[in-house]
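Tertiary structure, described
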There are 2 protein chains.
Amino acid sequence: MALRARALYDFNSENQGELSVKENEILTLYSEQDIEGWLEGSNGRGERGLVPASYVEILKNDAPSTANNNSCSTSGQSRYANVLTGGFENFSKPAAPSFGTSSAPLPQQHPQGYKQHSQGSDDDWDDDWDDNSTVAEEPGSAGGRYNDFEGNGPSTYTVSTSTASRGNAQQARSSATVGRNLNRFSTFVKSGGEAFVLGEASGFVKDGDKICVVMGQYGPEWQENPYPFTCTIDDPTKQTKFKGMKSYISYKLTPTHTQTQVNRRYKHFDWLYARLVEKFPVISVPHLPEKQATGRFEEDFISKRRKGLIWWMNHMISHPVLARCDVFQHFLTCSSTDEKAWKQGKRKAEKDELVGANFFLTISTPPTPLDFQEVESKIDGFKTFTKRMDDSSLQLNATVNEFARKQITGFKKEYQKVGMSFKFLSQAFEMDQQVYSSGLNQAISFTGDTYEAIGEYFSEQPSKDLDPIMDLLALYQGHLANFPDIIHVQKGALTKVKESQKHVEEGKMDRTQAGGINDRCNIISCATLAEIQHFHQIRVRDFKAQMQHHLQQQISFFQKITGKLEEALQKYDNA
Amino acid sequence: MALRARALYDFNSENQGELSVKENEILTLYSEQDIEGWLEGSNGRGERGLVPASYVEILKNDAPSTANNNSCSTSGQSRYANVLTGGFENFSKPAAPSFGTSSAPLPQQHPQGYKQHSQGSDDDWDDDWDDNSTVAEEPGSAGGRYNDFEGNGPSTYTVSTSTASRGNAQQARSSATVGRNLNRFSTFVKSGGEAFVLGEASGFVKDGDKICVVMGQYGPEWQENPYPFTCTIDDPTKQTKFKGMKSYISYKLTPTHTQTQVNRRYKHFDWLYARLVEKFPVISVPHLPEKQATGRFEEDFISKRRKGLIWWMNHMISHPVLARCDVFQHFLTCSSTDEKAWKQGKRKAEKDELVGANFFLTISTPPTPLDFQEVESKIDGFKTFTKRMDDSSLQLNATVNEFARKQITGFKKEYQKVGMSFKFLSQAFEMDQQVYSSGLNQAISFTGDTYEAIGEYFSEQPSKDLDPIMDLLALYQGHLANFPDIIHVQKGALTKVKESQKHVEEGKMDRTQAGGINDRCNIISCATLAEIQHFHQIRVRDFKAQMQHHLQQQISFFQKITGKLEEALQKYDNA
């Protein structure tokens, strides 16, 4: 049966194997099943090639138009349907999957939030990976870092991943009409924090879903993970699909608790990240390493992304709540070859009820309620702290970045210029025919080589001891970007408590209702303080380890230089 | 008796204690004896102060005008008489002694050579130091480095001390009229080389004056000094004279063969240098460290000059001929307090007959005469060598200078910026009240201090291991500047040999006369090759030692950094 499709937009082939089409052109498809977002077909002139599935409408008897423009469907057949959802009203054209490393035909108009998320083409971003892609939920308008709490200081660097889409589902489910915040874009509202505080959240919480906040030495903290594990990320390999014309990088993950390797692509991480952000309103989900538009298959980029993913993984498994959550476990343990199991787990995660407002239902708190004044003071202190840490991280990052650049360029050049001058001198000295000077000439020449080598050492060093610092700072800058929203949720809850107290005083609310708000604010506060405590603990752990690593590397570096110079010095012994 | 004087020029007081005078103004002097070139007196208005002795004419019954304008007198009473001699026809006004660190009233027009010698005011230069100053003989037009032999490449740095005035006396004595070079400014002529080759030199040579060139392993060489010694230069101290208004720096010299300390000023070195240059036509007299117009009493300059003088002394005592010569021995051993002995030795040196052309009379050569073709080839090779060495020294000097500058500025700044950023981070971390992070905060703060210290180390290092290289190069650049003249003398002699052979062939000269020219060219060639050999030996010795010193210092430097980093690393042990 000849399967036909109509082009919805003009598409200009930019790579071998692609087929240019005009709007309304009729194509013959070889299969209804696309591969990686591409359909293979031919046009009326008999030219054959690939077209983006999202650019065509398959002409069927029973379903004349399913290839695009579906919206809000979490189980639709079309891959890029959701690209058009999420409030991107300006979209005039869907995104086509990118093709190899080439730039893909992107939608012509990107809303702000999208641009902020990903610059240019990235097939990890645009590309689909199986049915029911929900990538469209990830972007959206990201709140400025410090803009939406107290407005002190605009964001000074690009927020690579938005947290703003949290709890869209919950928002939709909510039916409350009184006492609600009018600002639908407030994190407090979007995260589901408001709905929860107002008692509008409801869900069935199993014992296994329970998340405990316990009272620790320094205040509320997440109960430790009783089954700690680690996970290695090895050997990113380039894989090809679809007649070798589509490539992607696959990472090998081996969690210690299963000892079974699974293969994951960046977009799997990305999907997981979106689930986590949606599920946990007051947990700082570590940001993924930044996307990159071009050069995705370059060694440097692959190595850098792998390091970023290792850092990310490290923070995931360190977190008592994140490490244990179902969707992460599914990601870590589901066999790469069992597609059915993967899809099951994926659907389950996407249908999870205990996200956003309902997440708070899973939290059990220490028996004694917190003193809200004390909580407020702690939170305010933390806010000041994060501001300072953010400033100093930015400064350190800029300094370290510049220092690395100087070592790679200036320092290297200076040492190598000295090396060359010594060599030049030794060459001049060789013009002298005196037997007794040949030893000296060789020694000076060797000294010249030594300085050139030292210059090389300087240029190689930053990747060993400065890049890791920048990686660390990038991860923490992600956390610091998360906290304003987290704090905002807690602040919002506290405001509701104060309002309810006022309402009680004015006789507009009964004490039981106000008590419920109080209890629920206590839950949010416990979770927030536990998250802050966790942040401090990993911060101290990570910065200590990284500073030690840095200093050890620096020591080795200077010892290596010293060794090289000692070698040169010895050459003069018999000169 | 009231001693009167008439001002010969306007003099404007520029320092406290000086007295401004107008031309023809009559002054009353307190003493006919000047102190350091200054006379104390008062004017008609009763104002009292110092005037430059050279600006006034003492009005005596028996000698109405002796204070200036004497010329060519080697024993005149006036200190600055000789400043006007030496072909400086443009002089309209004599130099006044400088006064303290102030700029002295210099003559209004300086001939080229003078300017080349000393830029601006320098009391070591202008100042007198006892009777019979012969400073005027030192300047003169210095030949460009490579300009006057083959003209390949102009001089690229200022020649600080001229060699051009060599043998003026001998030139005057010469009475030859045939076969003479018409170019009176040729080094060959001026050095006395020509006069000697033509058999015009004559003098009484005592056994003690004999200088032996022996045949060594690598060709002719100076006979070693059988009584080697060294000489330390310690504690330059600022001394004052003349009611504390005149200051100068005195260096303490202690030669090992006398173990008696003598005090010498820079101008004593300068006087000695002039004697040596005059006396030895084919010996490369090490250049003195450069004069400096301002800041002569600044610590840095004093320390730098002392180091330069130590290098200079080292080369003087290393030279078998220079180390033993009378004027140097007089300089090293004459008691600083025995003024009479000093003056005697000084006069003797200035009246030395065995200078220039006559110096060659003192040389005894190995029994077998040299093969002039071989000599020519050796000299040509050396010429090429010096050119290459000069180029590479200049390049090395520029590189090392820039490297030093970068370490003092850029390297220091980079490390200190990193240090400050770490400190800034630790300060941000201190905002956190967590007990468990205080150890880390302190450790990071200490790391910040460490980086600031490393920055400091970088800025301090060049004075330890790069400055000495530059000092070495400066000294050798001096030698390299000397050799063109030395080679020129030998080349000139060889040309005379060729001419005489032609004359013999043409029957214009008898064989005996030509034989004499041949023998005398052999003497010059032996001396030249001996000097070249000496140059290579000290070059290998000096560069080896300096490279070793440099590397040792660099090793210590990097070890110091490593040690500091290890200290910082330890701070994290209990963090």
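Here goes a summary of the coordinates provided. This one's a predicted model, so the numbers in the text were calculated from it and none came from an experiment.

1. A short note on the overall build of chain A
- Regarding its fold elements, chain A presents 14 helices and 11 strands.
- Burial statistics for chain A: of 575 residues in total, 56% are counted as buried.
- For chain A, the share of sequence-separated contacts (at least 6 apart) that also reach a separation of at least 24 residues comes to 69%.
- A total accessible area of about 24,400 Å² is found for chain A, and carbon and sulfur atoms account for 47% of it.

2. Side note on the sheet that holds strand 7 (residues 219-222) of chain B
All names here are of chain B.
- Taken together, three strands build an open sheet; the order of strands is 7-6-11 and the sheet is mixed. Since the sheet does not close on itself, it has two edges, and those belong to strand 7 and strand 11 (363-364), each with one partner.
- Bridge analysis of strand 6 (residues 211-216) against strand 11 gives two bridges, and the strand direction is parallel. Following the sheet pairing, isoleucine 211 is matched in strand 11 by isoleucine 363.

3. What about the pattern of salt bridges?
- According to the stated counting rule, one finds 46 salt bridges over all chains in the structure shown.
- Glutamate 25 of chain A is the salt-bridge partner of arginine 45 of chain A, the closest N and O atoms lying 3.9 Å from each other. Within this pair, whereas arginine 45 of chain A is found in the loop between strand 3 (38-42) and strand 4 (48-52), its partner glutamate 25 of chain A is found in the loop between strand 1 (3-7) and strand 2 (26-29), the two being separated by 20 residues in sequence.
- Residue aspartate 542 of chain B is joined to arginine 541 of chain B by a salt bridge in which the shortest nitrogen-to-oxygen separation is 2.9 Å.
- Where salt bridges share partners, they join Glu402, Arg405 and Lys406 of chain A together with Glu414 and Lys417 of chain B into one cluster.

4. A word on the interface of chain B and chain A
- Every contact between the two is made by 63 residues of chain B and, on the other side, 63 residues of chain A.
- For the pairing of chain B and chain A, the buried interface totals around 6,500 Å² over both sides, and the portion due to carbon and sulfur atoms is 73%.
- A salt bridge links arginine 539 of chain A to aspartate 432 of chain B; the nearest nitrogen and oxygen atoms lie 2.6 Å apart.
- Run the count over chain B and chain A and you get 17 residue pairs in polar contact (both at pLDDT 80 or more).
- Secondary structure elements with two or more residues in the side of chain B that touches chain A: helix 10 (372-429), helix 11 (438-460) and helix 14 (511-570) of chain B.
- No other element matches helix 10 of chain B, which puts 25 residues into the side of chain B that touches chain A.
- Split by residue class, the side of chain B that touches chain A holds 33 nonpolar, 19 polar and 11 charged.

5. Points about the nonpolar core
- Within the largest apolar cluster, 233 residues are counted, with the highest numbers of intra-cluster contacts made by Met313 and Phe328 of chain A together with Met313 and Phe328 of chain B.
- In this view, phenylalanine 328 of chain B contacts Phe229, Leu272, Trp312, Met313, Met316, Ile317, Leu322 and Ala323 of chain B; residues no more than four positions away in its chain are not counted.

6. Considering the relation of the copies chain B and chain A
- Taken as rigid bodies, chain B and chain A are interconverted by a rotation of 180° and an axial shift of 0.1 Å, the fit giving an RMSD of 0.2 Å. The transformation just described matches what one would write down for a two-fold rotation axis. Taking the C-alpha atom as reference, chain B places phenylalanine 558 of chain B closest to the rotation axis, 3.0 Å from it.
- Comparing interface residues between copies, 100% of those in chain B also lie at the interface in chain A; the contact surface is shared.

7. Notes on unusual backbone geometry
- Unusually for a residue other than glycine, asparagine 24 of chain A sits at a positive phi of about 75°.
- By secondary structure assignment, the location of asparagine 24 of chain A is in the loop between strand 1 and strand 2.
- If you check the backbone angles, glutamine 259 of chain B has positive phi at about 55° while not being a glycine.
- The residue glutamine 259 of chain B is located in the loop between strand 9 (246-255) and strand 10 (262-265) in this model.

8. Topic: the packing of helix 10 (residues 372-429) of chain A against helix 13 (residues 467-505) of chain A
Residues and elements named next belong to chain A.
- At a closest axis distance of 9 Å, the pairing of helix 10 and helix 13 adopts a crossing angle of 160°. Regarding the angle of helix 10 to helix 13, the classification is roughly antiparallel. In the packing of helix 10 onto helix 13, the handedness of the crossing is left-handed.
- Its residues assigned to classes, the contact of helix 10 with helix 13 shows 18 nonpolar, six polar and six charged.

9. Section: the packing of helix 14 (residues 511-570) of chain A against helix 11 of chain B
- Between helix 14 of chain A and helix 11 of chain B, the least distance of the axes is 10 Å, while the angle of their chain directions is 30°. With respect to their mutual orientation, helix 14 of chain A and helix 11 of chain B come out roughly parallel. Crossing of helix 14 of chain A over helix 11 of chain B shows left-handed handedness. Where helix 14 of chain A abuts helix 11 of chain B, its residues Val540, Phe543, Lys544, Met547, His550, Leu551 and Gln554 of chain A lie against Leu440, Ile444, Thr447 and Tyr451 of chain B.
- A breakdown of the residues in the contact of helix 14 of chain A with helix 11 of chain B according to their chemical character gives seven nonpolar, three polar and one charged.

Parameters and conventions
- Residues numbered from 1 in each chain as written.
- Chains lettered and ligands numbered in written order.
- Predicted model: local features only at pLDDT ≥ 70, side-chain atom pairs only at ≥ 80, totals over all residues.
- Heavy atoms only, no water.
- Helix = DSSP H or I, 4+ residues; strand = E, 2+ residues; numbered from the N terminus.
- Buried < 20%, exposed > 50% of the residue type's maximum accessible area, 1.4 Å probe, protein only.
- Contact = heavy atoms within 4.5 Å.
- Areas by Shrake-Rupley, 256 points an atom, 1.4 Å probe, with all protein chains shown as cover.
- Pairing = 2+ DSSP bridges.
- Salt bridge = Lys/Arg side-chain N within 4 Å of Asp/Glu carboxyl O.
- Buried area = accessible area lost by both parts, 1.4 Å probe.
- Polar contact = N/O pair within 3.5 Å; in protein donor to acceptor, adjacent residues only side chain to side chain.
- Nonpolar A, V, L, I, M, F, W, Y, C, P; charged D, E, K, R; others polar.
- Core = buried A, V, L, I, M, F, W, Y, C linked by side-chain atoms within 4.5 Å.
- Least-squares fit on C-alpha atoms with pLDDT ≥ 70 in both.
- Axes fitted to C-alpha atoms, helices over the stretch in contact; angles between N-to-C directions.
- Parallel < 35°, antiparallel > 145°, perpendicular 65-115°, else oblique.
- Left-handed = near helix turned anticlockwise from the far one by under 90°.

These results come straight from atomic positions and should not be treated as a statement about function.
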